[in-house]
Amino acid sequence: MHIRYFAWVRERIGHAEETVELPEGVTKVGDLIGWLATRDEGYAAAFAEPQVIRAALDLEHADHDAPLAGAREVAFFPPMTGG
């Protein structure tokens, strides 16, 4: 699965995108966030407060309970504020 990171999520992880093989049991957006948080300190910092992380599957906003099956790309970004 191709993963893209934006704003401070990208800064904490240290790169903008990557392709990963999903481990068994990672079937929803929230599962992916939990798994990514275990990869190293940067990922742990980026996903320390998973409830604030927003996600998109194939360019469509998705909830954390959305299934990953069939998606080619997931993007993670912090909450956005307007101005």
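For the structure, see preceding data.
This report concerns the structure included in the present document. The shown structure was predicted, so the numbers you read here are calculated from the model rather than taken from an experiment.

### Brief notes about the pairing of strand β5 (residues 73-77)
- Of all 5 residues making up β5, 5 are buried, and the element is well covered by its neighbours.
- Here β5 shows a buried face lined by E73, A75 and F77 and a second buried face lined by V74 and F76.
- As paired strands, strand β1 (residues 2-5) and β5 are joined by 4 bridges and run parallel to one another. Along β5, the bridge assignment pairs Y5 with F76.

### Regarding the pattern of salt bridges
- Taken as a whole, this structure holds 1 salt bridge when the rule is applied.
- Residue R39 is joined to E18 by a salt bridge in which the shortest nitrogen-to-oxygen separation is 3.1 Å. Taken together, the residues R39 in the loop between α2 (29-36) and α3 (41-46) and E18 in strand β2 (residues 17-19) connect sequence positions 21 residues apart.
- You can call R39 partly exposed: its relative accessible area is 35%.

About the criteria used
Residues numbered from 1 in each chain as written. Predicted model: local features only at pLDDT ≥ 70, side-chain atom pairs only at ≥ 80, totals over all residues. Heavy atoms only, no water. Buried < 20%, exposed > 50% of the residue type's maximum accessible area, 1.4 Å probe, protein only. Helix = DSSP H or I, 4+ residues; strand = E, 2+ residues; numbered from the N terminus. Pairing = 2+ DSSP bridges. Salt bridge = Lys/Arg side-chain N within 4 Å of Asp/Glu carboxyl O.

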